[in-house]
Amino acid sequence: MKPKGASEAMDSWKVIIADDEAIIRDGIRQCVDWKSLGLQVAAEAEDGEEALELAVRHEVHIALVDLNMPIMHGIELMKRLREQLPDCKIIVITGHDEFSYAQESIRLQVNDYILKPAEPKQLMQVLRGVRDQLIAEKQKNQHLQQASRQILKNFPLLRERFCQEWLDGNLSQSEIMEQLHFLRLPAACPALIGMIRWRGEVQNSGLQEKERQLFLFAIENMVTELLQDYPKVIFRDAAGLIIILLWDAAGEPVLAGVEAVVRSHLKISVEVGTQAVEGDAAGLAAAYRKCRVNLSREQPLSPLVRRARQYVLEHYGEYGLTLESIAGHLQASPVYLSRLFKQELGEPFGTYLTQTRIRKAAQLLHSTELSMSEVAERTGYETQHYFSTAFKKQTGVSPLQFRKGVFPGEGGRGGLAEEQH
């Protein structure tokens, strides 16, 4: 009867016999029943240099090594084997019964140490033990690989659970950074949190659960596709809202366009709320709470104002962007759009445009090394001077002070953190 595991390892565990005496090599080869152990002699060598070359070429699993060999000593051979074949099991077979050699062999993690002349029974026993180690390690690696595949398969769920705990404020800074690394997410706080609510769930109470889930799943797929170029996590919170954690604030205009895409493809209306995340990892929970409050009190916007708001998010960097130019693009009356904009968003168009530009400028100042003139150009300002004036008027500090983290109390930064409806 074959030992347990031998059959599955048959022709897998390769052995090299390294000894400068041919009679010793022949004796070892002939006195061991290799097949019953699931082993095979893949190579023989009469010196250390040849042994290293053949061991690496055949990727042997077990090396029977004589210490006293020409060209390359057995100790040096074992060192090189440890470097090039770290998983190879080494059995020393030598006539040198010297403590110094035994010490060096132990330091090199030799699996066993046998003195010549080796008795067949003892050699079989040692080889069987090493073979069992190889089988156990192989099974362990298979289990670990299977577990790793399972973890990768469940990565989306693990990310969702982690992000929900993060939003709930249940994690320390060190736990957050550790989980970000493990789950292969950017090692920083998201720049933006988005939230999607489908009002139709409440309005159409007769909707069956299966249909409701299909709609929500379709919305999530659309968001995932729209934001495919941005690092993100999308999941549903305990209240059933679709949450988007976005590590690149440049994706905000894309996120704002979700309303139109969903309305066009699914013929339903959703509301999208966004909130910039300020400060360290603890700022995410605060942004989440603020976004929920804003979304719950937000009144549904008319299609015209939604389109105008979306246009601003996509074109705020264009110098000369005006209410009139947007009205022309949307084929609407500037007077009517101005009145509707202020009525639904609670502020004039000019104020909304300025706040959007300054918020985007703040994100660039915080996350890039762009010069002040480049930031001004990217946010729709004709000159750096005009940009600096507008920035200080809005925030209470100059762009340079903001980049250095100098703020006049909470009020200076609060205007930047407030997300527009």
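Look a little higher up for the structure.
Residues numbered from 1 in each chain as written. Predicted model: local features only at pLDDT ≥ 70, side-chain atom pairs only at ≥ 80, totals over all residues. Heavy atoms only, no water.

Examining the overall build of the protein
Thinking step 1. Along the protein, the regular secondary structure elements total 22 helices and 9 strands.
Thinking step 2. For the protein, long-range pairs separated by at least 24 residues make up 65% of all intrachain contacts whose partners lie at least 6 apart in sequence.
Thinking step 3. Total accessible area on the protein is roughly 22,000 Å²; 50% of this is exposed by carbon and sulfur atoms. (Helix = DSSP H or I, 4+ residues; strand = E, 2+ residues; numbered from the N terminus. Contact = heavy atoms within 4.5 Å. Areas by Shrake-Rupley, 256 points an atom, 1.4 Å probe, with all protein chains shown as cover.)

A word on the pattern of salt bridges
Thinking step 1. Applying the stated criterion across every chain yields a total of 12 salt bridges.
Thinking step 2. Across the pair E271 and R197 runs a salt bridge, and its minimum N-O distance is 3.0 Å. Taken together, the positions of E271 in strand β9 (residues 270-276) and R197 in strand β6 (residues 192-198) put the pair 74 residues apart, joining distant regions of the chain.
Thinking step 3. R306 is paired through a salt bridge with E259; the nearest N and O atoms lie 3.1 Å apart. Of this pair, R306 sits in helix α15 (residues 303-315) while E259 is found in helix α13 (residues 258-266), placing the two residues 47 residues apart along the sequence. For the pair shown, R306 and E259 are each scored as buried.
Thinking step 4. In the salt-bridge network here, residues are joined through shared partners; they are R25, D26, R29 and E44. (Salt bridge = Lys/Arg side-chain N within 4 Å of Asp/Glu carboxyl O. Buried < 20%, exposed > 50% of the residue type's maximum accessible area, 1.4 Å probe, protein only.)

Considerations on the packing of aromatic side chains
Thinking step 1. In total, this model carries 8 aromatic pairs according to the counting rule given.
Thinking step 2. Judged by centre distance (5.3 Å) and plane angle (70°), the ring pair of F341 and Y352 falls under edge-to-face. Taken together, the residues span a long stretch of sequence, with F341 in helix α17 (residues 334-345) and Y352 in helix α18 (residues 349-367) at a distance of 11 residues.
Thinking step 3. Of the residues examined, F341 reaches a relative accessible area of 0% and is grouped as buried.
Thinking step 4. An aromatic cluster is present here, built from Y381, Y386, F387, F391 and F402 joined pairwise through their rings. (Phe/Tyr/Trp six-rings, centres within 6.5 Å; stacked < 30°, edge-to-face > 60°.)

Side note on the side chain of K360
Thinking step 1. Locating K360 in the fold gives a position in helix α18.
Thinking step 2. When its relative accessible area of 3% is taken as the criterion, K360 is described as buried.
Thinking step 3. With sequence-adjacent residues up to four places away left out, K360 is seen in contact with A249, E252, P253, L313, Y316 and T379.

Regarding the packing of helix α16 (residues 323-330) against α17
Thinking step 1. One can describe the packing of α16 onto α17 by two numbers: an axis separation of 9 Å at closest approach and a directional angle of 105°. In this view, α16 runs roughly perpendicular relative to α17, as classed from their interaxial angle. Counting all contacts with α16, which are made through L323, E324, I326 and A327, the residues of α17 involved are P334, L337 and S338.
Thinking step 2. Taken together, the residues of the contact of α16 with α17 sort by class into 5 nonpolar, 1 polar and 1 charged. (Axes fitted to C-alpha atoms, helices over the stretch in contact; angles between N-to-C directions. Parallel < 35°, antiparallel > 145°, perpendicular 65-115°, else oblique. Nonpolar A, V, L, I, M, F, W, Y, C, P; charged D, E, K, R; others polar.)

Remarks on unusual backbone geometry
The general pattern is negative phi for most residues beyond glycine and trans for most peptide bonds.
Thinking step 1. Notably, R184 is not glycine yet its phi reads approximately 60°, a positive angle.
Thinking step 2. With respect to the helices and strands, the residue R184 is situated in the loop between α9 (173-182) and β6.
Thinking step 3. Look at R184 and you get exposed, because its relative accessible area is 60%.

Points about a negative patch on the surface
Thinking step 1. Residues E165, D168, E175 and E178 make up a contiguous surface patch of negative charge.
Thinking step 2. Along the chain, the position of D168 falls in the loop between α8 (155-167) and α9. (Patch = residues over 30% accessible without salt bridge, like charges linked within 9 Å, V, L, I, M, F, W, Y side chains within 5 Å. Lys, Arg positive; Asp, Glu negative; His and termini not counted. Charge placed at Lys NZ, Arg CZ, Asp CG, Glu CD.)

Side note on the pairing of strand β7 (residues 232-236)
Thinking step 1. The pairing of β7 with strand β8 (residues 242-246) spans 5 bridges and is classified as antiparallel. In the sheet register, F235 faces β8, and the bridge partner there is I243.
Thinking step 2. Hairpin connection between β7 and β8: a loop of 5 residues separates the two successive antiparallel strands, and G240 in this loop has a positive phi of roughly 85°. (Pairing = 2+ DSSP bridges.)

What to know about the packing of α15 against α17
Thinking step 1. For the pair α15 and α17, the least separation of the axes is 10 Å and the interaxial angle reads 90°. It follows from the interaxial angle that α15 and α17 lie roughly perpendicular. Across the interface between the two elements, L304, V305, A308 and R309 from α15 touch Y336, L337, L340, F341, E344 and L345 from α17.
Thinking step 2. Across the contact of α15 with α17, the residue classes tally to 8 nonpolar, no polar and 2 charged.

As for the sheet that holds β9
Thinking step 1. Ordered by their spatial adjacency, 4 strands build an open sheet running β7-β8-β6-β9, and the pairing between neighbours is antiparallel. This sheet does not close on itself; its edge strands, each paired only once, are β7 and β9. Ignoring which end each strand starts from, the neighbouring axes of this sheet average 15° apart.
Thinking step 2. Relative to β9, β6 is paired through 7 bridges, and the arrangement is antiparallel. Counted as the bridge partner of M195 is G273 from β9.
Thinking step 3. Across the sheet, α13 touches β6 and β9, and the angle it forms with β9 is around 160°.

Geometric descriptors of this kind do not, in isolation, establish any biological role.
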